[in-house]
Amino acid sequence: MRARRVRGAGAAAVLALALAAGCTATTGTTGQDGGGRRTTAPARNVLTGEPGQAGRVLAVKVDNVAAARPQTGLNDADLVYAIEVEGGLSRLMAVFDDRHLPSVVGPVRSARETDLQLLAEYDHPALAFSGAQSKLLPVLQGSRAIVARTGTRAFFRSSDRPAPHNEYLRPAGLTAGAGPAKDIGLRFSSAVPAGGTARASASAAMPAARFAFTWTGTHYRVAMDGTGSPWTADNVIVQHVQVKQSQYHSRTGFVPFSQTVGNGSATLLRNGRSYPLRWSRPSPADGTTYTADGHPAQLHPGRTWIVLTPS
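Residues numbered from 1 in each chain as written. Predicted model: local features only at pLDDT ≥ 70, side-chain atom pairs only at ≥ 80, totals over all residues. Heavy atoms only, no water.

Peer 1: Go over the nonpolar core, please, and point to the residues and values.
Peer 2: Core analysis: the biggest nonpolar cluster contains 37 residues, and L47, L79, Y81, V95 and Y122 have the highest contact counts within it. Beyond its immediate sequence surroundings of up to four residues, V95 is in contact with L47, V57, L58, A59, A77, D78, L79, Y81 and Y122. (Core = buried A, V, L, I, M, F, W, Y, C linked by side-chain atoms within 4.5 Å. Buried < 20%, exposed > 50% of the residue type's maximum accessible area, 1.4 Å probe, protein only. Contact = heavy atoms within 4.5 Å.)

The following block contains the structure:
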């Protein structure tokens, strides 16, 4: 669990009751109780379903090869995406709201075309990255969909590991000009949905990367390429996507572009159970809808890892 959550048995019980029906509003909603009195529901983070309104969004591209591990700051993220890059390896995109930023994130690596399409469902988020392919870089810097953050004093090198796996980021202040968190299609409920299959562990793969998620009774432990990590998730979505050649080529070979606009199958892991899903995103401006048996899939309030695996 993230440190910002309510602690203590009494507080946990109150929180569980408050979340039982689920909520995705960013601000408190007003209604009436049985006696006709006006009531206001507490604000919820649209990216996690947890109490408190989310702030402006910062996405950070994070290295995910063995030399880059363990990374820094991932357990403070609202969401973490795992995305295929060259050679079938994986890279991470950690999404934070600026009310819950860690002091340091990294190691930071370069951006890809996939990031631009994926982040279009957010409201003009900031994207921090170490660089990009020569034709993609000006597209990122000139994009109206994101606020590009690269090459500033917020980036620094560490001496504890070799380059290029040693560039880190101090994220404070980088969301200036970015949009506030918006509803991207996620729905939350602390109540465990009916159906599904008991499943204590599950895996996902890219051509040269593996992920494993093990239920501990309270959350999922994340392992990558057969090695455990300090990272945890309350939900895992394994989303099957079409992968094609990016229009921004590389001299070193195939550059994957994972298409997050469209539709396909997915699997949700929560509370030690597995649920088959369908996902749909009609256009880049739309959020992603996840459904189970035709109804909105209910995630547990908390951090979600989304693994974009080739279909």
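Next comes the rest of the write-up.
Peer 1: Residues and numbers for the environment of V139, please.
Peer 2: Residue position: V139 is located in helix α3 (residues 136–142). What makes V139 partly exposed here is its relative accessible area of 30%. Remark: the alpha-carbon pair of V139 and E113, spanning 26 residues in sequence, is separated by 9.4 Å. Not counting residues up to four positions away in its chain, the partners in contact with V139 are L116 and Y248. (Helix = DSSP H or I, 4+ residues; strand = E, 2+ residues; numbered from the N terminus.)

Peer 1: Can you explain the environment of G196? Please cite residues and give values.
Peer 2: Mapped onto the elements, G196 comes out in the loop between β9 (167–169) and β10 (197–198). On the accessibility criterion, G196 (33% relative accessible area) is partly exposed. For the pair formed by G196 and Y275, sequence separation is 79 residues and the distance between their alpha carbons is 4.6 Å. In this view, G196 contacts R273, S274 and Y275; residues no more than four positions away in its chain are not counted.

Peer 1: Which residues make up the pairing of strand β14 (residues 227–233), and what are the values?
Peer 2: Bridge count for strand β13 (residues 220–224) against β14 is 4 bridges, and the pairing is antiparallel. Bridge assignment links M224 to a residue of β14, and that residue is T227. Between β13 and β14, which pair antiparallel and follow one another directly, the connecting turn spans 2 residues, one of which, D225, has a positive phi of 55°. (Pairing = 2+ DSSP bridges.)

Peer 1: Residues and numbers for the packing of aromatic side chains, please.
Peer 2: Inspection of the entire model under this criterion finds 3 aromatic pairs. With a centroid separation of 4.9 Å and 50° between ring planes, the pair formed by W215 and Y220 is classed as tilted. When the ring centre of F156 is taken as origin, the NZ or CZ atom of R170, which lies over that ring, is 4.0 Å away. (Phe/Tyr/Trp six-rings, centres within 6.5 Å; stacked < 30°, edge-to-face > 60°. Lys NZ or Arg CZ within 6 Å of the ring centre and 35° of its normal.)

Purely spatial values, then, with no claim about function.
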